[in-house]
Amino acid sequence: MSKTFVFGLFFLLVISCKGDKDQAIEEDTSSFEILTENWPKKTSPNSKTAEIIKDWEEFNALQIGLDAIYNVGNTEDLSLVLEDLIEKQKALEESEYPETFDKPQIKSRQKVFHTFILKTKGDLIYRVDSQKSVLEMIEAHNSMLNQMNSITSNTLDLKTLLEEE
């Protein structure tokens, strides 16, 4: 009787452990794949902005680095792209801004972009779904470029308006 009980308990243990392994492997491998089709496209600079930033090497390097994010296929690729973006972001922060863009509106949006890069990196470290963070990061970059486009499109001279009495 005791041999049958031990054998039955051992058999039950083997069967119950087998089912958990298949499910754990299935969940683990699905988290490595990243789908980029639904990500918003990055904003392009208008002609005036493009003329100003054409010689700004650090900003152009950041733009090229961000293009690489649309080619990632798994979390390892995304992690490498984020490391590159962090380095390029730091170089941009330390660079000399063109006079037109040396404004708090641009620098604050750049800090927000940097924050979302770090948030996405944190999601990868803690193995959390990084999809939302990537979308926020792209949106922060687009916001920075939209602000640059807005500054170059604005033909209103505030100094002239404020000096009139």
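Below, the structure is looked at part by part.

Definitions and limits used
- Residues numbered from 1 in each chain as written.
- Predicted model: local features only at pLDDT ≥ 70, side-chain atom pairs only at ≥ 80, totals over all residues.
- Heavy atoms only, no water.
- Helix = DSSP H or I, 4+ residues; strand = E, 2+ residues; numbered from the N terminus.
- Buried < 20%, exposed > 50% of the residue type's maximum accessible area, 1.4 Å probe, protein only.
- Contact = heavy atoms within 4.5 Å.
- Axes fitted to C-alpha atoms, helices over the stretch in contact; angles between N-to-C directions.
- Parallel < 35°, antiparallel > 145°, perpendicular 65-115°, else oblique.
- Left-handed = near helix turned anticlockwise from the far one by under 90°.
- Nonpolar A, V, L, I, M, F, W, Y, C, P; charged D, E, K, R; others polar.
- Phe/Tyr/Trp six-rings, centres within 6.5 Å; stacked < 30°, edge-to-face > 60°.

What follows is about the environment of G122. Here G122 lies in helix α5 (residues 104-125). Overall, the relative accessible area of 19% leaves G122 in the buried class. Between the C-alpha atom of G122 and that of S133, which follows or precedes it by eleven residues, the distance is 9.5 Å.

We now examine the side chain of Q63. Topologically, Q63 is positioned in helix α3 (residues 57-67). Apart from the residues within four sequence positions on either side, Q63 is in contact with K42, H141 and L145.

Attention now moves to the packing of helix α4 (residues 75-94) against α5. Remark: α4 packs on α5, axes separated minimally by 10 Å, with the N-to-C direction vectors making an angle of 155 degrees. The orientation of α4 with respect to α5, classified from their angle, is roughly antiparallel. The handedness of the crossing between α4 and α5 comes out as left-handed. In this structure, α4 contributes T75, L78, S79, L82, E83, L85, I86, Q89, L92 and E93 to the contact, and α5 contributes Q110, K111, F113, H114, I117, L118, T120, K121 and L124. Within the contact of α4 with α5, the residues separate by chemical class into nine nonpolar, six polar and four charged.

For the structure shown, the criterion picks out three aromatic pairs. Ring centres 6.3 Å apart and planes at 65 degrees place the aromatic pair W39 and Y70 in the edge-to-face group. Remark: Y70 occurs in the loop between α3 and α4 and W39 occurs in the loop between α1 (2-30) and α2 (47-53); sequence separation between them is 31 residues. The buried category is assigned to Y70, whose relative accessible area is 16%. Linked through ring pairs, W56, F59 and Y97 together constitute an aromatic cluster.

Between α3 and helix α6 (residues 131-153), the least distance of the axes is 13 Å, while the angle of their chain directions is 140 degrees. Between α3 and α6, the angle falls in the class oblique. Considering the relative orientation of α3 and α6, their crossing is left-handed. Where α3 approaches α6, its residues F59, L62, Q63 and L66 are matched on the opposing element by H141, M144, L145 and M148. Here the residues of the contact of α3 with α6 are counted per class, giving six nonpolar, two polar and no charged.

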